[in-house]
Amino acid sequence: MDKEYISSRLVLALAEPQYDEAPDKFAQKILQVLEPTTCGALPQSWQNIKTLADVHHWLRTQLNDAQLFTVTHCHNRALLGLAVVHEQGDEAYVGYVIAKQYWGRGFGSEALKALVAQYKEQNSITTLWAGVEKDNISSIKVLTKSGFSLSEGGHRDSNTLHYRLLLSN
């Protein structure tokens, strides 16, 4: 994937170059996004990130395992959230988190649609997956508005619903 995607209000940029440029400054910004309220419904590896050391450990893990993107406002470059993509073969698992103060403004939908648009333009990934806590109605709406549909097979635990978007016909 490219280093940067721009939508009408957002810029999604690879996090690694930003982290490499100013690790502590970048980690401090990420700490403000990964607060308990915003991460409560996310995987365990996104929980209990309270110190800069925690953020550095989390960032190194994410950057090693996936493509991590910052989601910033295109006008003032305020950090609104993060998006993550784990590619495996011809499938990719996508996720996002928006800082609490920016909830309800459509930033999650816009970020996800920007990622989907980029994957639709390439041919190596045919299916996108996303997991969501079954009670997280707002994120379920974001996924369905972005074209994802509930998957009835595998990839399921008692509290998580998995949504899928087929990119190829």
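Computed from a predicted model, the values in this text were never measured in an experiment.

### Looking at the packing of helix H2 (residues 23-33) against helix H4 (residues 52-65)
What describes two packed helices is the angle between their axes and the distance between those same axes. Two elements in contact, H2 and H4, have axes separated by 9 Å at closest approach and are oriented at 95°. In terms of orientation, H2 lies roughly perpendicular with respect to H4. Contact with H2, carried on its side by Pro 23, Asp 24, Phe 26, Ala 27, Gln 28, Ile 30 and Leu 31, involves Leu 52, Val 55, His 56, Trp 58 and Leu 59 of H4 and no other residues of that element. Looking at the contact of H2 with H4 residue by residue, the classes come out as nine nonpolar, two polar and one charged.

### As for the pairing of strand S6 (residues 127-133)
One face of the sheet, then the other: side chains in a regular strand alternate in exactly this way. By the criterion of burial, S6 is predominantly enclosed, with five of the seven residues buried. Sheet topology places strand S5 (residues 91-98) next to S6; three bridges connect them, and they run parallel. Opposite Tyr 93, over in S6, you have Trp 129 as the bridge partner. Tracing the backbone out of S5, into helix H5 (residues 107-121) and back to the parallel element S6 gives a crossover that is right-handed. In terms of strand pairing, S6 meets strand S8 (residues 160-166) through seven bridges, oriented antiparallel. By the bridge assignment for S8, Val 132 is matched with Leu 161.

### Here's the deal with the confidence of the model for the protein
When the pLDDT values of the protein are averaged, the result is 90; 95% of them are 70 or greater. Here strand S1 (residues 4-6) stands out as the least confident element of the protein, with mean pLDDT 83; strand S3 (residues 67-73) is the most confident, with 96.

### Notes on unusual backbone geometry
A positive phi angle, close to 55°, is found at Asn 48, a residue other than glycine. By secondary structure assignment, the location of Asn 48 is in the loop between helix H3 (36-39) and H4. The exposure class of Asn 48 is exposed, given its relative accessible area of 55%. Even without being glycine, Arg 77 reaches a positive phi, approximately 60°. Mapped onto the secondary structure, Arg 77 falls in the loop between S3 and strand S4 (79-88). The partly exposed category is assigned to Arg 77, whose relative accessible area is 46%.

### Here we look at the sheet that holds strand S7 (residues 149-150)
With respect to topology, eight strands assemble into an open sheet ordered S1-S2-S3-S4-S5-S6-S8-S7, the strand pairing being mixed. At either margin of the open sheet sits one strand with a lone partner, and together these are S1 and S7. Relative to S6, helix H6 (residues 137-145) is tilted by about 165°, and along the sheet it contacts S5, S6 and S8.

Analysis parameters
- Residues numbered from 1 in each chain as written.
- Predicted model: local features only at pLDDT ≥ 70, side-chain atom pairs only at ≥ 80, totals over all residues.
- Heavy atoms only, no water.
- Axes fitted to C-alpha atoms, helices over the stretch in contact; angles between N-to-C directions.
- Helix = DSSP H or I, 4+ residues; strand = E, 2+ residues; numbered from the N terminus.
- Parallel < 35°, antiparallel > 145°, perpendicular 65-115°, else oblique.
- Contact = heavy atoms within 4.5 Å.
- Nonpolar A, V, L, I, M, F, W, Y, C, P; charged D, E, K, R; others polar.
- Buried < 20%, exposed > 50% of the residue type's maximum accessible area, 1.4 Å probe, protein only.
- Pairing = 2+ DSSP bridges.
- Right-handed = clockwise from strand over helix to strand, strands pointing away.
- pLDDT = per-residue confidence, 0-100.

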